[in-house]
Structures are given as structure tokens and as C-alpha cells.
Amino acid sequence: MPTLQATFYGHTYDNPFMNASGVHCMTMTELDALADSAAGSFVTKSATAEAREGNPEPRYVNVDLGSINSMGLPNLGLDYYLDYAIKRQASHPDQPFVMSVASYQGFDEYVANMRKIQESDYTGLVELNLSCPNVPGKPQMAYDFEDTDRLLTEIFAFYTKPFGVKLPPYFDIMHFDKIAAVLNQFDLKFVNCINSIGNGLYIDEVTDTVVIKPKGGFGGIGGEYVKPTALANVRALKQRLNPSIEIIGTGGILTGRDAYEHLLCGASMLQVGTQLEKEGLGVFERLTKELLAILEAKGYASIAEFKGMLGTLD
Ligand code: DOR
């Protein structure tokens, strides 16, 4: 029987599956349920300095091939998640998880949020979300290479705990090169590729209207639509980043085969957003079974035997 054990930043997890931040991770109750599910680990909802209601509803809609959302970072505030994280790491030291941190105001709030975590008792992993596409009037930080460089420089000047960044999808080889050059200057533990594909538009065929209210219907696209883009980002960054920077693969994981493809591209952990929202926590048991069946059929004993080993035709 093969194993799905996944090693990620010094810890071995039962399997590589996690939720993607934003899905099933707003409250302590949801987070505890995730921790007790078949997922290998979990991540909290991206926290901003203050609690936020987020954008007006409807703001998340499932569609045939995925989802569109413009949640606008609704969350219970950094103190809430920090408090949860500190208690959880004390009560379950053998079950590490990831705390997601964002910013609503921009640059200075990112820095202030990281400073608060630095000064807290939380010592675990942080995922710094540089890629929320849904705050009206605020660009996605990681599309601005200079600002990202400046932000990471400022954070690394005081921050000594392990963290990684959640990236938006890139679509040009030059942009893969540029973001990798920025990130390689820093002792980041991981990057997470990808956040939703920002500012898509979905139209209802009965009403001829958009389906979500914020921003005139523009929202982040997830699910089946995004898998090729997600795989390309995992692969391209794996090829360019320092080997010490691990990759979390997120985007279009609906089946064990999708998970397997992310691993072939070099992902160490895998996050599931849209499909978790559609299917509920049972998705993790199904995905682990499907992925195990693939390893068995191909004669692999562990993920390490094929991770990153995507074949090419030249
Ligand atoms: O698609 C997303 N929606 N990505 C994020 O990073 C944040 C979230 C939201 O709250 O809008």
C-alpha cells in the first residue's frame, strides 16, 4: 500500500491536502472541523487588521466549471485568528497548520500585521496573501514587482518566523522570471500558486446579467477553469525558485488526477477551494482515495518518487 505522506517545511503530514484560504475557514468551529477532517493540514481565512464584513452579496457563485467570487476579504480580524492559532499550536503541537494574513489598506497594513505576528507567541507558518483580486480600488500586490520587493525587504528586516506568499496567476514567461527573481532574494519557506484568476466575468444565460454584485460582476475565477493556469504557475516557479522554497499547488483540483498533476509539476502541498465549497469536507477523503489509487496503479510507493518529474517532449 503506497503512502500519501507529504513533507512540508520540516513536518510530515498524512497527506498533502488542505483547504484553500477562504473556504470553510472563517470561524473556529469551521477550522476545528477542518482539523478533524481527512485533510492533511489547513489554512485560516486571510486576516486583515480589523474584522471586515466584506463586499455586498451575492458575492460567491458556483457555476458549472468552477466558481466566481468577490468576497472582499470578510474575516473576523487578525486578533481572532492569532488567538486561535496560539491556542491551537499549544493544544495540538503535532498538527501544524498555516495562518493566512492579508491587508485591506495596502502596504503599511501588511507590515503592521506581520509585526503583530512577530511580537505574538505564534511560531507556526504564515501565508502572506499578496493576491486578493477583490478589494475595490486596490491592486493585487504581487502584480507590482517593485512593491513586492519593497514589502518583503521591509518585512524581512524584522520578521524571524517562517512564512511564504500566496501569488496571483502569471501569464507571461517574463513575469515568471521577474517574480522568481524577486522572491529568490528572500528566505521564503514556500509560495502558493495560485489565487483565483482575478476579474473574470460570468453571465447568467436566463437573465443576461452578471451573477455577483460587487464590482459590476467582476470576480476571481476558481475551479476547473483555472487548472492549466495553476499547473503552469506551479511548474514555472518550481523551475525558477531556490530549491529551499517549496510550492503549494492550488487551482482546479477536483479529482485525484488533478492532484497528481500538481505534484508532477512540483507541488509539495495541495489546496482545494472551489471543490471543497461544492462538496464539503468529504472531498478530502475522496481525493486521498483517488490519489492513492493512482499511485497504486503506477507502482509508486510514495509521492517523492514522482514529485516534480513531469515529462516534456524534447
Ligand atoms: O478569490 C479570492 N477571494 N482571493 C482572495 O485572496 C480573497 C478572497 C476574498 O475575500 O475576496
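Further up the page is the structure itself.
Residues numbered from 1 in each chain as written. Predicted model: local features only at pLDDT ≥ 70, side-chain atom pairs only at ≥ 80, totals over all residues. Heavy atoms only, no water.

Draft legend 1. Spotlight on the overall build of the protein. The helix and strand tally for the protein stands at nine helices and 13 strands. Against the 2.2 N^0.38 benchmark of 20 Å for 314 residues, the protein shows a C-alpha radius of gyration of 18 Å, consistent with a compact globule. Its C-alpha atoms put the protein at 55 × 50 × 45 Å along the principal axes. The 314 residues of the protein split such that 56% are buried. Here the analysis covers contacts within the protein between residues at least 6 apart in sequence; of these, 73% occur between residues at least 24 apart. As displayed, the protein has an accessible area near 13,200 Å², and 52% of this comes from carbon and sulfur atoms. Across the protein, the 25 positively charged side chains and the 38 negatively charged ones have centroids separated by 2 Å. (Helix = DSSP H or I, 4+ residues; strand = E, 2+ residues; numbered from the N terminus. Rg over C-alpha atoms; globule rule 2.2 N^0.38 Å. Buried < 20%, exposed > 50% of the residue type's maximum accessible area, 1.4 Å probe, protein only. Contact = heavy atoms within 4.5 Å. Areas by Shrake-Rupley, 256 points an atom, 1.4 Å probe, with all protein chains shown as cover. Lys, Arg positive; Asp, Glu negative; His and termini not counted. Charge placed at Lys NZ, Arg CZ, Asp CG, Glu CD.)

Draft legend 2. The environment of V135, seen in detail. Locating V135 in the fold gives a position in the loop between β7 (125-129) and α4 (145-156). Residue classification places V135 among the buried positions, given a relative accessible area of 5%. Each C-alpha atom, one on V135 and one on S70, is 8.1 Å from the other, the two residues being 65 residues apart in sequence. Those residues in contact with V135 that lie beyond four places of it in its chain are L73 and Y104.

Draft legend 3. Summary view of the nonpolar core. Within the largest apolar cluster, 82 residues are counted, with the highest numbers of intra-cluster contacts made by M99, I117, L128, F163, V165, L167 and V191. The dominant element in this core, judged by the number of residues it contributes, is helix α9 (residues 283-298), at seven residues. Counting ten residues, the second-largest nonpolar core is a separate cluster that includes F8, V43, F190 and M269. (Core = buried A, V, L, I, M, F, W, Y, C linked by side-chain atoms within 4.5 Å.)

Draft legend 4. Representation of the sheet that holds strand β5 (residues 66-69). Spatial ordering of the open sheet is given by β4-β5-β11-β10, a layout of four strands whose pairing is antiparallel. With partners counted over all chains shown, the strands left at the sheet margins are β4 (60-63) and β10 (197-201), one partner each. Between one strand axis and the next, the sheet turns through 40° on average, direction left out of account. Where β10 lies against strand β11 (residues 218-222), three bridges are found, and the strand directions are antiparallel. (Pairing = 2+ DSSP bridges. Axes fitted to C-alpha atoms, helices over the stretch in contact; angles between N-to-C directions.)

Draft legend 5. Layout of the packing of aromatic side chains. With the rule as written, the count across this model stands at twelve aromatic pairs. Taken together through their ring pairs, the aromatic side chains of F42, Y84, F97 and Y122 make up a single cluster. Between R115 and the ring centre of F158, over which it is positioned, the NZ or CZ distance is 4.1 Å. The ring centre of F107 lies 4.3 Å from the NZ or CZ of R150, which sits over that ring. (Phe/Tyr/Trp six-rings, centres within 6.5 Å; stacked < 30°, edge-to-face > 60°. Lys NZ or Arg CZ within 6 Å of the ring centre and 35° of its normal.)

Draft legend 6. Just the site of the ligand, in detail. In the neighbourhood of the ligand, the contacting residues comprise K45, N69, M71, G72, L73, P74, N129, C132, P133, N134, N195 and S196. Take G72: an N or O atom from its main chain is 2.8 Å from an oxygen atom of the ligand. Considered on its own, the ligand offers 290 Å² of accessible surface; in the complex 92% of this is hidden by protein. Of the residues in the shell around the ligand, the class split is five nonpolar, six polar and one charged. (Near = heavy atom within 4 Å. Polar contact = N/O pair within 3.5 Å; in protein donor to acceptor, adjacent residues only side chain to side chain. Nonpolar A, V, L, I, M, F, W, Y, C, P; charged D, E, K, R; others polar.)

Draft legend 7. A look at the sheet that holds β7. Spatially, seven strands are ordered β3-β13-β12-β9-β8-β7-β6 in an open sheet, and the strand pairing comes out parallel. At either margin of the open sheet sits one strand with a lone partner, and together these are β3 (17-19) and β6 (98-101). Averaged over all neighbouring strand pairs, the angle between strand axes comes to 25°, with direction disregarded. Bridging between strand β9 (residues 190-193) and strand β12 (residues 246-250) involves four bridges; their strand directions are parallel. Residue N192 lies in a different strand from β12, and its bridge partner there is I248. Against the sheet, α4 makes contact with β7 and β8 (163-167), and its axis sits at roughly 160° relative to β8, the strand it touches most. Each of β8, β9 and β12 is contacted by helix α6 (residues 227-240), which is oriented at about 175° to β12, the strand it contacts most.

Draft legend 8. Expanded view of the pairing of β12. Among the five residues that make up β12, five are buried, leaving the element largely enclosed by the rest of the structure. Where burial is concerned, the two faces of β12 agree: the one with E246, I248 and T250 and the one with I247 and G249 are both buried. As defined by bridge partners, β12 adjoins strand β13 (residues 269-272) across three bridges and the pair is classed as parallel. When the bridges of β13 are listed, T250 appears paired with Q271. On the question of chirality, the crossover connecting β12 to the parallel β13 by way of helix α7 (residues 256-264) is right-handed. (Right-handed = clockwise from strand over helix to strand, strands pointing away.)

In short, the description is geometric, and any link to function would need to be established separately.
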